[in-house]
Amino acid sequence: MSDTRAGFIALIGEPNAGKSTLLNRMVGAKVSIVTHKVQTTRARIRGVAMEGQSQLVFVDTPGLFQPRRRLDRAMVAAAWGGAADADVVVLMIEAHRGMSDGVKAILDGLGDLGDRRIALAINKIDKVKSETLLALTQAMNEAFAFEKTFMISAEKGHGCDTLRAWLAQAVPLGPWLYPEDQLSDLPMRMIAAEMTREKLTLRLHQELPYQLTVETENWEERKDGSCKIDQLVYVMRDGHKGIVLGNKGETIKAVGQAARAELEEFLGRKVHLFLQVKVRPNWLEESERYDEMGLNFKDGNS
Ligand SMILES: Nc1nc2c(ncn2[C@@H]2O[C@H](COP(=O)(O)OP(=O)(O)OP(=O)(O)O)[C@@H](O)[C@H]2O)c(=O)[nH]1
């Protein structure tokens with residue numbers, strides 16, 4: 001019998017580095033929203049990929065940037081926390097932007113991650129010439145001793161198979177973290193939650209760009225072929241609840257309609273979507289929601 005492997009992989013990098021695009025490519029489904037707006041990803045959304053006998057659990061962290069406000073600090077802490085929880089960390093940088101100040105700041109923080117395996121993925125190689133790429137690879141490896149450097153285009157797929165194959169042997173030996181029969185359901189719940197969050201983000205613009213999170217609480221297949229999905233929208237403060245609901249509930253209603261339409265198109269059948277808004281001040285730090293998905297994250301990522 002061959003040995004199984006499983007582990008957590010954190011993709012870290014500046015906002016817009018292409019983390020979500022890579023995650024989607026690795027997992028093969030729309031688990032994380034990709035937009036042109038920076039900082040759309042702020043919870044540790046994960047996707048699970050199988051590669052041979054290895055189970056790769058991706059932790060998609062928020063972009064790492066210079067924190068200005070308190071919430072920014074919480075996001076950056078969450079990103080580093082994700083990395084500290086992971087078995088393998090992949091730093092993604094943009095080939096055409098090179099060693100920006102933001103990248104330098106991340107390099108400074110990498111030393112604190114201890115002895116986990118850290119690789120470099122230079123993304124968007126479609127945007128630069130090979131000389132630029134070689135010089136950047138050299139400069140980055142002089143700044144930090146990466147175990148491996150990958151040159152990829154998350155969007156076009158170049159180098160992604162090689163990266164995935166390396167990850168498959170880099171995660172530790174051990175039993176799978178998700179039972180095989182859960183793998184199909186889990187991404188759907190996450191995808192459904194992401195669709196609603198995407199609609200909320202688009203609708204609320206600047207008001208609450210990342211202070212909310214969505215969870216799929218219940219998923220029920222009905223005899224008539226439709227499905228009923230219950231979701232909770234968590235906001236940080238009471239005041240935010242009113243904004244999300246809108247005047248006479250019109251905002252949440254419009255969000256629900258838009259999300260339902262997208263879900264119906266995606267699933268190819270009728271969907272009944274129910275949204276409920278709840279205040280949960282510390283959702284960013286709470287790990288119990290991850291436990292609910294059958295995962296145990298270690299403590300200490302404040
Ligand atoms: N040219 C090119 N564009 C890419 C590539 N990979 C990603 N992009 C684009 O870069 C932008 C940002 O990608 P995302 O995947 O959203 O980046 P992110 O790192 O998840 O961003 P945050 O969620 O803000 O942290 C998108 O417009 C992508 O289409 C690539 O290989 N080449």
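Scoring rules and cut-offs
Residues numbered from 1 in each chain as written. Predicted model: local features only at pLDDT ≥ 70, side-chain atom pairs only at ≥ 80, totals over all residues. Helix = DSSP H or I, 4+ residues; strand = E, 2+ residues; numbered from the N terminus. Buried ≥ 20, exposed ≤ 12 C-beta atoms within 10 Å, placed from the backbone. Contact = placed C-beta atoms within 7 Å. Pairing = 2+ DSSP bridges. Axes fitted to C-alpha atoms, helices over the stretch in contact; angles between N-to-C directions. Core = buried A, V, L, I, M, F, W, Y, C linked by C-beta atoms within 7 Å. pLDDT = per-residue confidence, 0-100.

## Re the overall build of the protein
Counting its regular elements, the protein contains 9 helices and 9 strands. Here the protein, with 302 residues, has 38% of them falling under the buried criterion. Within the protein, contacts between residues separated by at least 24 positions form 69% of all contacts whose residues are at least 6 apart in sequence.

## Description of the pairing of strand β6 (residues 148–151)
Relative to β6, strand β5 (residues 117–123) runs parallel, the two sharing 4 bridges. Its bridge partner lying in β6, Ile122 is registered against Met151.

## A look at the sheet that holds strand β7 (residues 212–221)
Strand pairing in a sheet relies on backbone hydrogen bonds, with the paired strands running either antiparallel or parallel. Across the sheet, which stays open at both edges, the 3 strands sit in the order β7-β8-β9 with mixed pairing between neighbours. Two strands close off the open sheet at either side, each with one partner strand: β7 and β9 (271–279). Averaged over all neighbouring strand pairs, the angle between strand axes comes to 20°, with direction disregarded. As paired elements, strand β8 (residues 227–235) and β9 share 9 bridges and run parallel to each other. Looking at β9, one finds that Gln231 is bridged to Leu275.

## Considerations on unusual backbone geometry
As a rule of thumb, non-glycine residues mostly have phi less than zero, and peptide bonds are mostly trans rather than cis. Within the chain, Asn16 stands out as a residue other than glycine whose phi angle is a positive 80°. Take Asn16: it is sitting in the loop between β1 (5–13) and α1 (19–27). Exposure remark for Asn16: the 20 C-beta atoms within 10 Å place this residue in the buried category.

## With respect to the environment of Gln55
Relative to the elements of secondary structure, Gln55 occurs in strand β3 (residues 54–60). C-alpha of Gln55 to C-alpha of Ala168: the two residues are 113 residues apart in sequence and 7.3 Å apart in space.

## Comments concerning the environment of Gln231
Its place among the elements puts Gln231 in strand β8. Setting aside anything within four residues of it in sequence, one finds Gln231 in contact with Ala193, Thr196, Val214, Glu215, Thr216, Glu217, Leu273 and Leu275.

## Considering the nonpolar core
One finds Ile9, Leu11, Phe58, Leu91, Ile122 and Ile152 to be the most contacted residues of the largest nonpolar core, which totals 43 residues. Judged by nonpolar contacts, the second largest core, of 19 residues, contains Ala193, Leu200, Ile229 and Leu263.

## A word on the pairing of β1
Taking burial as the measure, the 9 residues of β1 include 9 buried ones, the bulk of the element. Alternating positions in β1 separate into two faces, Arg5, Gly7, Ile9, Leu11 and Gly13 on one and Ala6, Phe8, Ala10 and Ile12 on the other, with burial throughout. Sheet analysis places β1 next to strand β4 (residues 88–94), joined by 5 bridges and oriented parallel. Bridge assignment links Leu11 to a residue of β4, and that residue is Val90.

## Looking at the confidence of the model for the protein
Close inspection of predicted coordinates is inappropriate for parts of the model with low pLDDT. Predicted confidence across the protein gives a mean pLDDT of 79, with 72% of residues reaching 70 or more. Summarising per-element confidence for the protein, the mean pLDDT is lowest in helix α9 (residues 288–292) (44) and highest in β6 (98). Low pLDDT, under 50, characterises residues 30–45; the stretch is placed with 51 contacts to residues that sit more than four places away or in other chains. What the predictor reports for the complex is a pTM of 0.65 with an ipTM of 0.97.

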